[in-house]
Structures are given as C-alpha cells and as structure tokens.
Amino acid sequence: MIRVAVQPAAIDIAAELDLHDAGGHGASASFIGRVRGDGDLTELFLDHHPAMTGAGLADLAHAAADRWHLSALTLIHRVGAMVPGETIVFILASSPHRAEALAACEFLIDRLKTDVMLWKRESFADGRVQWVEPREGDNARADRWS
Amino acid sequence: MIRVAVQPAAIDIAAELDLHDAGGHGASASFIGRVRGDGDLTELFLDHHPAMTGAGLADLAHAAADRWHLSALTLIHRVGAMVPGETIVFILASSPHRAEALAACEFLIDRLKTDVMLWKRESFADGRVQWVEPREGDNARADRWS
Amino acid sequence: MPLEIAYFAWVRERMGVADETVDLPASVSNVSSLVAWLAARDARGQIAFAEPQLIRAAIDGVMMGLDAPLAGAREVALFPPVTGG
Amino acid sequence: MPLEIAYFAWVRERMGVADETVDLPASVSNVSSLVAWLAARDARGQIAFAEPQLIRAAIDGVMMGLDAPLAGAREVALFPPVTGG
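As the structure is a prediction and not an experimental result, all values here were calculated from the model.

Asker: Looking at this model, I keep getting lost on the overall build of chain A. Mind explaining?
Answerer: Along the backbone of chain A there are four helices and eight strands. Listing the helices and strands of chain A from first to last along the sequence gives β-α-β-β-α-β-β-β-α-β-β-α. Radius of gyration (C-alpha) of chain A: 15 Å, near the 15 Å computed for a compact globule of 146 residues. Considered along the principal axes of its C-alpha atoms, chain A spans approximately 50 × 35 × 30 Å. Put simply, of all contacts in chain A between residues at least 6 apart along the chain, 79% involve residues at least 24 apart. Summed over its atoms, the accessible surface of chain A is roughly 5900 Å², and 50% of this surface lies on carbon and sulfur atoms. Once the 14 positive and 21 negative side-chain charges of chain A are each reduced to a mean point, those two points are 3 Å apart.

Asker: Would you explain the pairing of strand E5 (residues 75-79) of chain C in this entry?
Answerer: Residue and element names in this part refer to chain C. Counted residue by residue, E5 has five buried out of five residues, so it is predominantly covered. Across the two faces of E5 the burial is the same, with Glu75, Ala77 and Phe79 and Val76 and Leu78 all buried. Note that strand E1 (residues 2-7) and E5 share four bridges and pair parallel. Considered in E5, the bridge of Ile5 is made with Val76. Pairing of strand E3 (residues 56-59) with E5, which is carried by four bridges, proceeds in the antiparallel orientation. From the neighbouring strand, Ala57 faces E5, where its bridge partner is Leu78.

Asker: Would you explain the packing of helix H2 (residues 50-67) of chain B against helix H3 (residues 98-115) of chain B in this entry?
Answerer: Two packed helices can be described by the angle between their axes and the distance between those axes. Residues and elements named next belong to chain B. With their axes 11 Å apart at the nearest point, H2 and H3 run at an angle of 150° to one another. In terms of orientation, H2 and H3 fall into the roughly antiparallel class. For the pair H2 and H3, the sense of crossing is right-handed. Where H2 abuts H3, its residues Leu57, Leu60, Ala61, Ala63, Ala64 and Arg67 lie against Phe107, Leu108, Arg111, Leu112 and Asp115.

Asker: Before we go on, may I ask you to explain the arrangement of the chains in this structure?
Answerer: Sorting the three pairs of chains in contact by contact count puts chains A and B at the top. Nowhere do chain B and chain D come into contact; their C-alpha atoms are at least 12 Å apart. Looking at chain C next to chain D, you find no contact at all, with the nearest C-alpha pair sitting 33 Å apart.

Asker: Help me understand the sheet that holds strand E2 (residues 19-23) of chain C in this model?
Answerer: Sheet strands associate in pairs through backbone hydrogen bonding, adopting either a parallel or an antiparallel arrangement. Residue and element names in this part refer to chain C. Strands sit in the order E2-E1-E5-E3-E4 across an open sheet of five strands; the sheet is mixed. Each of the sheet's edge strands pairs with one partner strand only, and the pair in question is E2 and strand E4 (62-64). Recorded for the sheet is a direction-independent mean angle of 30° between the axes of neighbouring strands.

Asker: I'm lost on the environment of B:Ser71 in this one. Help?
Answerer: Residues and elements named next belong to chain B. Considering the arrangement of structural elements, one finds Ser71 in the loop between H2 and strand E4 (72-78). On the basis of relative accessible area, Ser71 is assigned to the partly exposed category, the value being 28%. Here Ser71 is in contact with Met1, Asp21, Ala22, Ser94 and Ser95, once residues within four sequence places are set aside.

Asker: Is there a simple way to think about the side chain of D:Glu75 in this case?
Answerer: Note that D:Glu75 resides in strand E5 (residues 75-79). Within the buried set, D:Glu75 has no salt-bridge partner at all; the shortest N-O distance to an opposite charge, 4.9 Å, is to D:Arg74. Leaving out residues up to four positions away in the same chain, D:Glu75 has contacts with A:His49, D:Leu3, D:Glu4, D:Ala6, D:Ala58, D:Ile59 and D:Asp60.

Asker: Looking at this structure, how should I read the interface of chain B and chain A?
Answerer: Interface extent is often summarised as the accessible area lost during association of the parts. Each partner contributes residues to the interface: chain B has 31 residues there, and chain A has 31 residues. Carbon and sulfur atoms supply 53% of the area that chain B and chain A bury against each other, a total of about 2500 Å² over both sides. Where chain B packs against chain A, one counts two salt bridges. Across the salt bridge formed by A:Arg98 and B:Asp110, the nearest N and O atoms sit 3.3 Å from each other. There are eleven residue pairs in polar contact (both at pLDDT 80 or more) connecting chain B and chain A. With nine residues, strand E2 (residues 26-34) of chain B is the single largest residue contributor to the side of chain B that touches chain A. Across the side of chain B that touches chain A, the residue classes tally to 13 nonpolar, nine polar and nine charged. Here strand E2 (residues 26-34) of chain A pairs with E2(B) via nine bridges, running antiparallel.

Asker: How should I be thinking about the pairing of E1(C) in this particular structure?
Answerer: Strand direction decides the pairing type here: E1(C) and E2(C), joined by five bridges, are antiparallel. When the sheet's bridge partners are listed, C:Ile5 is paired in E2(C) with C:Glu20.

Asker: Whenever I open this one, unusual backbone geometry confuses me. Can you help?
Answerer: Peptide bonds are, in most cases, trans, and in most cases residues other than glycine have a negative phi. If you check the backbone angles, C:Asp60 has positive phi at about 50° while not being a glycine. One can find C:Asp60 in the loop between E3 and E4.

Asker: Please explain the side chain of A:His77 as it appears in this structure.
Answerer: Take A:His77: it is sitting in strand E4 (residues 72-78). A relative accessible area of 0% places A:His77 in the buried class. What A:His77 contacts, discounting residues up to four positions off in sequence, is A:Ala5, A:Val6, A:Gln7, A:Ile11, A:Leu46, A:Leu57, A:Ile88, A:Val89, A:Leu112, A:Leu118 and D:Gly85.

Asker: How should the packing of aromatic side chains be read in this particular structure?
Answerer: Aromatic rings in a pair are described by how distant their centres are and how their planes are angled relative to each other. Applying the stated criterion to the full structure yields ten aromatic pairs over all chains. Relative to D:Phe8, the ring of A:Trp119 lies with its centre 5.3 Å away and its plane at 15°, an arrangement referred to as stacked. Placement of A:Trp119 in strand E7 (residues 118-124) and of D:Phe8 in the loop between strand E1 (2-7) and helix H1 (9-15) is noted, with the two residues assigned to different chains. As far as burial versus exposure is concerned, A:Trp119 and D:Phe8 are alike and both buried. Taken together, A:Trp119, D:Phe8 and D:Phe79 form an aromatic cluster joined through their ring pairs. Above the ring of B:Phe45, the side-chain terminus of B:Arg121 is found at 4.5 Å from the ring centroid. Looking at B:Arg128, its charged tip hangs above the ring of B:Phe124, at a distance of 4.3 Å from the centre.

Reading the values: the criteria
Residues numbered from 1 in each chain as written. Chains lettered and ligands numbered in written order. Predicted model: local features only at pLDDT ≥ 70, side-chain atom pairs only at ≥ 80, totals over all residues. Heavy atoms only, no water. Helix = DSSP H or I, 4+ residues; strand = E, 2+ residues; numbered from the N terminus. Rg over C-alpha atoms; globule rule 2.2 N^0.38 Å. Contact = heavy atoms within 4.5 Å. Areas by Shrake-Rupley, 256 points an atom, 1.4 Å probe, with all protein chains shown as cover. Lys, Arg positive; Asp, Glu negative; His and termini not counted. Charge placed at Lys NZ, Arg CZ, Asp CG, Glu CD. Buried < 20%, exposed > 50% of the residue type's maximum accessible area, 1.4 Å probe, protein only. Pairing = 2+ DSSP bridges. Axes fitted to C-alpha atoms, helices over the stretch in contact; angles between N-to-C directions. Parallel < 35°, antiparallel > 145°, perpendicular 65-115°, else oblique. Left-handed = near helix turned anticlockwise from the far one by under 90°. Salt bridge = Lys/Arg side-chain N within 4 Å of Asp/Glu carboxyl O. Buried area = accessible area lost by both parts, 1.4 Å probe. Polar contact = N/O pair within 3.5 Å; in protein donor to acceptor, adjacent residues only side chain to side chain. Nonpolar A, V, L, I, M, F, W, Y, C, P; charged D, E, K, R; others polar. Phe/Tyr/Trp six-rings, centres within 6.5 Å; stacked < 30°, edge-to-face > 60°. Lys NZ or Arg CZ within 6 Å of the ring centre and 35° of its normal.

Structure, rendered in structure tokens:
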C-alpha cells in the first residue's frame, strides 16, 4: 500500500502508475517534479544520507497515511546527478475521496522541501557550481501543515 | 499546449502523459478520478450536451491557463457508460512552479463538479437506477475559487 | 414559431425523447412558460416538469434563467442541475 | 573515544572526505565543541566550519541540536541546512 524509494536510477512514471494499487476506484492525485533548466543549468546533483533520507521519506509517507484516508501512496525520490527534464520526485496518493488525495499530495511535496535530508548542487554551462540555499518560501509552505 | 477532450472511449493515462508536453522541466500535478463501486454500484452513466459540455471544459481550461502560469494543460473527460475502476476524468497541469501546477489542478477538479454540463446516473446490483443529486459540498469547494 | 427542444438526464428519460421540434403558441414567450406549456401538454410532460424549480435551461448553448425570452431562439435545452464530473 | 563522522553537501566537499573515524579528546563533549575542534584541527576544517551557525547535526541517525552530548554516540553527521526534494 505504501511504497517509498530513494534511488539513483531514473523514475519510470508509467511503471510506478502500474505498481500503485489505487484500489480500482476513487481518486488519485499526483505530483511530478522535474529538473528545470533555468539559467543554463546543466546538472542537478542531490546529495543524501543513505539511512536518514529513506527514513525521512518513510516518516512523511506514514504521516500522510495517518492524517488522510489513503488507499495507496507512492513516494519516489531520485538522488545523484540529473539533467534538465529528468524527474526528481514522483508522488501518487489515492483515496476514495478526492479532497484527501489532493491534500496528501500537496502536504508531501511541501514537506519534502524542508523535512527530508537532501541537498541540491547546481552546475551551470559557464562552469559555476553552487549548493542551493534553503528558501524561506519553502518553510512557509511547509509550516501550513503543522 | 491546452488539450481538452470529451470522449466515450476509455482514457489512456500513459498515452496522455506522453502527449502532454510539460516543457521538459518544472512541475506537473495530476488528478485521476475513477468510478467507485460503493453500495454495489454496477454502472455509472454520464449524460452530456455534445456542444456545451466540450465548450464548458474548454472554458475551464482557459480560465486555469489565464489564472496560473502553465506550460501545458490536459483535461480529458469521459462520458457514457462506465464500470467501477474506470477513469472518469484525467487532469494534468504543468508549470515551472509547483504551487501553480497544484492550484490549477485543484481548481479544475473542484469546478468540474459544478460548472460542466454533465449528469450522473448510477445503476446498482439490486436493479435500482438513480440520477445523482447535486451535492452542497461540491458547491462549497467550487466557490472557494470565485 | 418552430423551436428545437433538447432534453437531458432524467428530463430526457421522462420525456422519452432526446429532442423534438415544436410549434409554439404565441403565448409561450419565455423559458418558464415553455416549461408550463410542456407540463400541460401531455402525461410525459406532466411528470418531467412536475417540479419546475428543478429545471435549468440553455438557449442556443448559453445558460439562461427561467425568465429568458424565447424570441429568436433556435434551440432550448432543458435539464436538471448538473452533477459534475 | 573513537567516533565516526560523516559529512554531507558542501561540508563534505570542503572536508574532502565523506566520512572519517576520529579519536576525540575528552574536552570535546557535545556537537558544538566537536565543530570547534574540527575547525581548529586543520585548514580544511577551518574552511568547512567557518560559519558554525550554518551547521546541522544528527547523532546515530537522529537530528540533534548543537548542544547535544556526544557520550555514547557511534556516528555524528554534520551538514548544512537541507534544501529539499
């Protein structure tokens, strides 16, 4: 019912849709986050803590399942090096009720930005490499749920 | 960029994901609504007005595209007879910004419940057939956006 | 004047037809009087339009109130409140 | 006492290693004094921990404040604030 993965491999959305057992009926809300090519970004690297990142994602998934009535939940996060257009994160929440599927999906994407042990490094076409700074806006969105 | 369809044929989500040009990067939010088998429901029939239903969906899609910064929007609604587990509606909104993709998706599903020329008829295992009454809760959710 | 009327959902089922073309008497000038005229016309209409407050209308593809005039209309659609996608 | 230290993100890059096992002097009793000790140890540590207010820590997989004691710890992870998924 709850599937969580942290993986360096590309995220196969069609395969994840098939794996996800929505119970055959009700509502599914999903979110797909992709690497943006803004400012000539050539690579996004996501550093992670092997044990803590997976545990953090699993905690978030269980928090969502405790809070909303979900028939299935898929939460897949990619780590390592990615290029623009590749999928970083895929969230898929199913429920008999659409409001719960939508809320769970939004909760997860907001909390992922602040609660999970992930660090972003951006590389650009001109050779610049920089670690991303935390964004105040992300904290504000995540705080809506507490 | 905006794709709207009203169709009696089954909705092929994998094919729609392929058709939808998310611009290769950014965020995509989606919603999949399926027929629920509650109370031994055996068939859901959706009546529609050939011209007005399509026009209403197109109006909603353009309202979303005017309100949020979307790189692509797919809105597919099935009509006619369906069985539990089949997909009634598929919404897929892409944007450079996740908040906009999520909001557009939620706006569309809420408004679909109240603004589009569709009528639901339910058939049950014991032979009962009934037309669905409008739900107050749907109006309240849709009114959030006005 | 000849007018095409299209019915949807349980209005269609109770009328037994999806659409028909009628010749309206001059006294039927707006949607409300059309509904009353259909209810008085025969048993099907009496059942379909027994609760006129539940009837919604569109004239030539545009949602209209029950006091909307029929002058110039080509098609009137009559149906219950929508129940969404 | 021997302690494994793991570094992440720019802390890892500036330290030049992903992890190391150190023998701590008895004076290093909590995360804050560990950070100060690493900053004083060599040039890499001086650069990595030049802004200790930016450093976050986890002890044996659990997020901890900088005043958390190290007694009994097996692994300390040191890293900047997370920047999300």
